[in-house]
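# Report on the structure
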Amino acid sequence: MKHFIQRAAIIAAMFSCVLFPAAVFANSSWVWISEKRPYDLLPFVIAGTLIIEIAAIYFIPKTRKPLKVCGLVILANLLSFAAPYLLRMPSGVGYSFVENLDAFPSYTVNVLFLIMTLAVETPLLYRFLRKETEHRKRLLITLIVINVLTTMGVAVVERIFCYGSW
């Protein structure tokens, strides 16, 4: 099992290098060329992500209380989505949550989004669901793997349907 996790981490790292290249452009005038924008796809990727995560967390570690799993997964996803905006709000300065939303016009999933998802969702879900399963280690592995897979899936969908140029 230990070797499987190591191999999965290496494969995920290699995929992330391909899917999330670190390109830097000095010009900040991004223009979407495609008809679809990431926000246009958001309802579909949210629904797909929630369905996949809830099913995996409920069935793989055999978690009890499906309504609790469903509610916690929805809450954790909302928090991981809002966390980057909340972290951008400087304390004591007059930026509101809405002004921070406007600061992210070209929302796309990237490596930082994956890190934020793992940092927010995994501890929250593990803390509240570990008593609902007999397989705690399997729950933790499932949380990490399913969040990596769904985040990479959303990134792939965005890059297929949404493209632009500087």
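So, here's what we can say about the structure. Note that the structure is predicted; figures quoted are calculated from it, not measured. Position numbers for residues start from 1 in each chain and track the written sequence from start to end. The model is predicted, so local features are restricted to residues of pLDDT at least 70 and side-chain atom pairs to those at 80 or more, both for listing and for counting; the totals for chains, interfaces and linings are taken over all residues. The side-chain values count all of the structure's non-hydrogen atoms but skip hydrogen atoms and water molecules.

## Regarding the overall build of the chain
Secondary structure elements follow DSSP: runs of H or I no shorter than four residues count as helices, runs of E no shorter than two count as strands, and numbering proceeds from the N terminus. Check the secondary structure of the chain and you find six helices and two strands. If you list the helices and strands of the chain from N to C, you get α-β-α-α-α-α-α-β. Working definition: with a 1.4 Å probe on protein chains only, accessible area under 20% of the residue-type maximum means buried, over 50% means exposed, and in between means partly exposed. Out of the 166 residues belonging to the chain, those deemed buried represent 33%. The Shrake-Rupley method, run with a 1.4 Å probe, gives the accessible areas here. Residue values count only the displayed protein chains as cover. For the chain, the computed accessible surface area is about 10600 Å², with 70% contributed by carbon and sulfur atoms.

## As for the pattern of salt bridges
Here a salt bridge means any side-chain nitrogen of Lys or Arg lying within 4 Å of a carboxyl oxygen belonging to Asp or Glu. A full pass over the atoms with the stated rule returns two salt bridges. Ionic pairing is found between Glu132 and Lys65, a salt bridge with its closest N-O pair at 3.9 Å. With a gap of 67 residues between them, Glu132 in the loop between helix H5 (111-129) and helix H6 (136-161) and Lys65 in the loop between helix H2 (38-59) and helix H3 (66-88) connect regions that are remote in the sequence. Since its relative accessible area comes to 49%, Lys65 is described here as partly exposed. A salt bridge links Glu132 to Lys68; the nearest nitrogen and oxygen atoms lie 3.1 Å apart. With Glu132 in the loop between H5 and H6 and Lys68 in helix H3, this residue pair connects regions lying 64 residues apart in the sequence. According to the relative accessible area criterion, Lys68 is partly exposed, its value standing at 31%. Three or more residues are tied together by salt bridges with common partners; here these are Lys65, Lys68 and Glu132.

## Things to note about the packing of aromatic side chains
Aromatic pairing here means that ring centres of Phe, Tyr or Trp (its six-membered ring) are within 6.5 Å. Orientation follows from the plane angle: under 30 degrees is stacked, over 60 is edge-to-face, and everything else is tilted. Scanning all chains against the criterion turns up one aromatic pair. Relative to Phe59, the ring of Tyr58 lies with its centre 4.9 Å away and its plane at 75 degrees, an arrangement referred to as edge-to-face. Relative accessible area serves as the criterion here: at 27%, Tyr58 is assigned to the partly exposed category. Definition used: whenever NZ (Lys) or CZ (Arg) falls within 6 Å of the ring centre and also within 35 degrees of the ring normal, the charge is taken to sit over that ring. Stacked on the ring of Phe128, the Lys or Arg Arg127 has its end atom at 5.3 Å from the ring centre.

## Describing the side chain of Thr151
Along the polypeptide, Thr151 turns up in helix H6. With near-sequence residues (within four places) excluded, Thr151 lies in contact with Val109, Phe113, Leu114 and Thr117. The contact definition used throughout considers only heavy atoms, calling two residues in contact when any of these lie within 4.5 Å.

## Side note on the packing of H5 against H6
Note on method: axes are straight lines fitted to C-alpha atoms, helices fitted across the in-contact stretch only, with angles between N-to-C directions ranging 0 to 180 degrees. At a minimum axis distance of 10 Å, the contact between H5 and H6 shows a crossing angle of 150 degrees. One element, H5, and the other, H6, form an angle in the roughly antiparallel class. Between H5 and H6 the crossing geometry is right-handed. Of the residues in H6, those touching H5 at Phe113, Leu114, Thr117, Leu118, Glu121, Thr122, Leu125, Tyr126 and Leu129 are Arg136, Leu139, Leu140, Leu143, Ile144, Asn147, Val148 and Thr151. Any residue outside Ala, Val, Leu, Ile, Met, Phe, Trp, Tyr, Cys, Pro, Asp, Glu, Lys and Arg is labelled polar, Gly included; the first ten of those are nonpolar and the last four are charged. For the contact of H5 with H6, the class distribution of residues is eleven nonpolar, four polar and two charged. The labels follow the angle: roughly parallel below 35 degrees, roughly antiparallel above 145, roughly perpendicular from 65 to 115, and oblique for the rest. Handedness of each helix crossing follows the sense of rotation of the near helix against the far helix: counterclockwise by less than a right angle gives left-handed, clockwise gives right-handed.

## Remarks on unusual backbone geometry
The backbone of Lys62 shows a phi angle near 55 degrees, a positive value even though the residue is not glycine. Here Lys62 is to be found in the loop between H2 and H3.

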